[in-house]
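# Summary of structural features
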Amino acid sequence: MRTPTYALQPVIRIRDVTKIYEMGDGTIQVRALDGVTLDIHDGEYVAIMGASGSGKSTLMNIIGCLDVPTSGTYHIDGQAVETMSNNRLADIRSRKVGFVFQTHNLLPRLTALANVELPMMYGHWPNRRKRAEHALNLVNLGDRMDHRPTELSGGQQQRVGIARALVKEPSVLLADEPTGNLDTANTAEILNIISELNHQNGITVIVVTHERDVAARADRIITLSDGQVISDETKSSPLMTKGELEGV
Amino acid sequence: MSPLDIIRTSIYSLTANRLRAALALLGIVLGVCSVITLMSIGRGSTDRITELIQGLGSNLLTVIPSGEPLTLADVDALRDPLYTPSIKAVAPQIGTFGTIHIDNNTTQAAITGVTPEFLHVRNLEMGTGAFIGIPHVESLAEVVVLGAQVSDDLFGNQDPTGAEVRINGRRFRVVGVLASQSGFGSMDDQTLIPITTAYYRLSGQRIPGGDISVDQISIQAKDVESVDQAIEEIETVLRLSHRITEADDFTVFNQQEILDTFDEANQTLVVFLGTVAGISLLVGGIGIMNIMLVSVTERTREIGIRQAMGAKRRDIVAQFVTEAVFLTFGGGIIGVIAGLSLATAIDGRFLIGTEWSTRVTSDIPVIALIVSIAVGLFFGIYPAVRAARLNPIEALRYE
Ligand SMILES: Nc1ncnc2c1ncn2[C@@H]1O[C@H](COP(=O)(O)OP(=O)(O)OP(=O)(O)O)[C@@H](O)[C@H]1O
Ligand SMILES: [Mg+2]
């Protein structure tokens with residue numbers, strides 16, 4: 001059991017980040033993110049909420065190094081993402097962050113096991129099979145390893161996605177509406193897995209959700225509106241966040 | 001990504017759309033198959049020409065008139081060892097066409113009037129019977145030696161020696177049949193009669209002075225080394241007897257030169273065949289590129305997922321290039337097998353009016369395989385780089 005330790009340096013340090021999408025020959029500009037500044041520390045469990053189109057996925061994609069901001073800076077573990085080469089970004093995607101997509105994004109012709117092995121293949125990991133089996137057991141899919149995604153239920157596919165994200169023991173787990181299409185039982189199961197990863201393995205978790213009860217699991221809830229952070233509440237906790245410390 | 005992973009991933013992708021992979025493969029198969037077949041045909045015909053040079057003897061010279069006719073008097077002058085010490089034998093010929101028939105069996109044949117020297121000057125062998133002798137020539141005898149094919153047409157399997165045939169209505173007695181020869185320059189469809197008989201009995205042409213004019217004179221030099229010397233001697237003798245002061249009224253062909261010309265023409269053919277085959281391989285390669293480009297577009301989402309899982313650009317490039325090389329290498333192997341089978345199957349066959357001869361050498365399949373792999377690399381790289389350039393998030397969003 002690891003307790004969250006708020007190191008001086010945040011895992012994720014976002015400063016005045018904007019993401020502008022240009023459409024129709026640049027005549028229409030969409031400010032998906034509009035001056036977001038955020039620090040997320042090691043071991044935090046953060047929920048991101050906000051109306052549809054408020055920029056939640058855009059923010060997650062930037063945090064996950066799948067996309068780059070139009071302006072502003074983003075440091076992960078103290079390293080500036082803007083200055084990183086393509087290869088370095090790929091390395092971060094394969095080692096540091098685990099991404100759980102709302103739409104699973106599993107490769108349809110690979111078995112659950114092979115899908116979970118995928119990030120380890122690109123990261124040159126040893127003992128891939130063993131680790132993948134272990135990860136699938138963690139999400140209670142030990143008996144579905146040789147199934148293809150189409151042979152699994154929606155909840156099971158989502159759990160394969162979680163296994164794939166956690167198998168590389170990421171320092172940050174990003175989940176974009178991981179329970180969007182699931183029933184209560186499945187939602188609870190997946191949230192339990194995520195909570196466990198946060199509490200027991202000390203993995204930093206960022207979850208995007210629309211649902212209050214999903215967000216309730218988190219220690220901190222950030223709300224976005226029109227690409228801006230409109231609220232950032234930390235639940236009463238024995239320790240104060242760095243921001244609160246500074247405010248004292 | 002380890003090489004094994006790359007190979008596994010490529011196989012996974014190729015088996016995802018088998019029909020498409022098979023069609024792309026087909027283009028390469030046809031390209032490689034035609035390269036192998038055409039190259040084997042090229043090699044085969046080069047061989048045939050070399051064989052021909054050796055068969056005819058490279059010490060054979062041919063003199064044809066180009067103005068004044070050549071006559072038997074010229075032939076006699078050329079036979080004089082005092083003037084032509086480098087010449088071994090002289091064989092004059094008169095060529096004409098005629099109808100040969102027995103009973104109601106008729107065939108058209110080239111009829112050549114010859115002297116006894118013709119047999120060894122042209123490296124011929126008798127199948128049955130004897131060749132035309134000096135007495136036949138002196139007595140204008142109506143005797144004939146048949147080529148193997150002519151004999152077969154008229155008499156089937158029977159030995160025609162002693163039988164009578166009619167040539168342009170005249171009775172001739174068959175004295176012998178030539179042994180069958182294969183290949184180019186064969187005498188199988190020829191009919192040989194004494195040169196005097198051809199002149200007086202069949203052609204009816206005469207020149208003033210009663211000398212017999214001939215169409216060509218085949219001359220055998222003593223050996224290969226004395227060919228050039230023999231040419232000089234022939235030119236000296238004929239210039240003297242024709243009293244030539246300016247341009248020659250005859251031409252001397254060196255057999256070697258004729259065959260060199262053939263060989264040159266053949267080389268041109270080989271290059272042409274090679275180009276055609278190369279183009280078909282190129283078309284196959286473009287087919288591969290086309291398929292790979294379609295596949296990159298279709299698999300945009302897959303590429304996005306792989307990138308999100310940490311695939312580097314080089315991993316994506318490696319995957320797509322390997323797929324293309326697999327296709328061309330697989331197509332190359334099938335093409336080599338098909339090409340070798342085809343080349344072996346048509347070897348020695350008589351098809352579309354020609355006798356085909358092919359030679360398969362081990363370097364041909366090796367070259368074809370290397371080229372097909374190179375085609376895969378060349379045409380696979382562009383689609384692969386395009387795939388790797390995709391932005392992960394856009395790729396993931398692609399529908
Ligand atoms: N590729 C794009 N091109 C143009 N505009 C885009 C693009 N992606 C997102 N947007 C716009 O950016 C804004 C934020 O989108 P984003 O996907 O981050 O919203 P979200 O908060 O995740 O919404 P939801 O809850 O519906 O998933 C939206 O207005 C959207 O229209
Ligand atoms: Mg979203």
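Residues numbered from 1 in each chain as written. Chains lettered and ligands numbered in written order. Predicted model: local features only at pLDDT ≥ 70, side-chain atom pairs only at ≥ 80, totals over all residues.

The next subject is the overall build of chain A. Secondary structure assignment for chain A yields eight helices and ten strands. Considering chain A as a whole, with its 248 residues, one finds that 43% of them fall into the buried category. Long-range pairs, those at least 24 residues apart, make up 70% of the contacts in chain A with a sequence separation of at least 6. (Helix = DSSP H or I, 4+ residues; strand = E, 2+ residues; numbered from the N terminus. Buried ≥ 20, exposed ≤ 12 C-beta atoms within 10 Å, placed from the backbone. Contact = placed C-beta atoms within 7 Å.)

Let us now look at the pairing of strand β1 (residues 12-23) of chain A. Residue and element names in this part refer to chain A. Looking at chain direction, β1 and strand β4 (residues 71-76) are connected through five bridges and run antiparallel. Bridge pairing links Ile12 to Ile76 in β4. Of the strand pairs in this sheet, β1 and strand β2 (residues 28-40) are connected by ten bridges, and their pairing is antiparallel. When the sheet's bridge partners are listed, Arg13 is paired in β2 with Asp39. Linkage of β1 to β2, two consecutive antiparallel strands, is achieved through a turn of four residues, within which Gly24 is found at a positive phi near 55 degrees. (Pairing = 2+ DSSP bridges.)

Residue and element names in this part refer to chain B. Averaged over every residue, the pLDDT of chain B is 83; residues scoring 70 or more account for 95%. Confidence, expressed as mean pLDDT per element, reaches its minimum in chain B at strand β14 (residues 354-355) with 68 and its maximum at strand β6 (residues 143-146) with 93. The ipTM, which scores confidence in the relative placement of chains, is 0.87 for this predicted complex, and the corresponding pTM is 0.68. (pLDDT = per-residue confidence, 0-100.)

Looking now at the pairing of β6(B). All names here are of chain B. Every second residue of β6 is oriented toward a common face, with Val143 and Val145 on one face and Val144 and Leu146 on the other, all of them buried. As judged from the four bridges shared by β6 and strand β8 (residues 170-178), these two strands associate in the parallel manner. Its bridge partner lying in β8, Val145 is registered against Gly176.

Phi is positive for Asp16(A), close to 50 degrees, though the residue is something other than glycine. If you trace the backbone, Asp16(A) turns up in strand β1. Even without glycine at this site, Leu140(B) takes up a positive phi of about 50 degrees. Looking at where Leu140(B) falls in the secondary structure, it is placed in the loop between α5 (134-138) and β6. For Leu140(B), a count of 15 C-beta atoms within 10 Å translates into the label partly exposed.

So, about the interface of chain A and chain B. In this assembly, 18 residues from chain A lie in contact with 16 residues from chain B. Taken together, the residues of the side of chain A that touches chain B sort by class into eight nonpolar, six polar and four charged. (Nonpolar A, V, L, I, M, F, W, Y, C, P; charged D, E, K, R; others polar.)

Moving on, we get to the sheet that holds β1(A). Residue and element names in this part refer to chain A. In spatial order, the strands read β2-β1-β4-β5; together these four strands make up an open sheet with antiparallel pairing. In the strand order of this sheet, the two ends are held by β2 and β5 (79-80), each with one partner. As paired strands, β4 and β5 are joined by two bridges and run antiparallel to one another. In the strand pairing of β5, Ile76 is matched with Gln79.

Let us now look at the nonpolar core. Side chains of nonpolar character tend, in soluble globular proteins, to be buried together. In this structure, Ala163(A), Leu174(A) and Ile206(A) are the most contacted members of the largest nonpolar core, which totals 112 residues. Ranked by the residues each element gives to this core, the list is headed by helix α2 (residues 18-56) of chain B, at 13 residues. Those residues in contact with Ile206(A), other than ones at most four positions away along the chain, are Ile40(A), Val46(A), Ile48(A), Met60(A), Ile63(A), Val172(A) and Leu174(A). In terms of nonpolar packing, the next biggest core, distinct from the first, is built from 48 residues, Leu119(B), Val177(B), Ile212(B) and Ile217(B) among them. (Core = buried A, V, L, I, M, F, W, Y, C linked by C-beta atoms within 7 Å.)

So, about the site of ligand 1. All names here are of chain A. The local shell around ligand 1 consists of Tyr21, Met23, Val30, Ala32, Gly50, Ser52, Gly53, Ser54, Gly55, Lys56, Ser57 and Thr58. Of all the elements in the fold, those that place two or more residues in the shell around ligand 1 are β1, β2 and α1 (56-63). Here the element with the most residues in the shell around ligand 1 is α1; it accounts for three residues. Classifying every residue of the shell around ligand 1 by side-chain character gives four nonpolar, seven polar and one charged. (Near = placed C-beta within 6 Å.)

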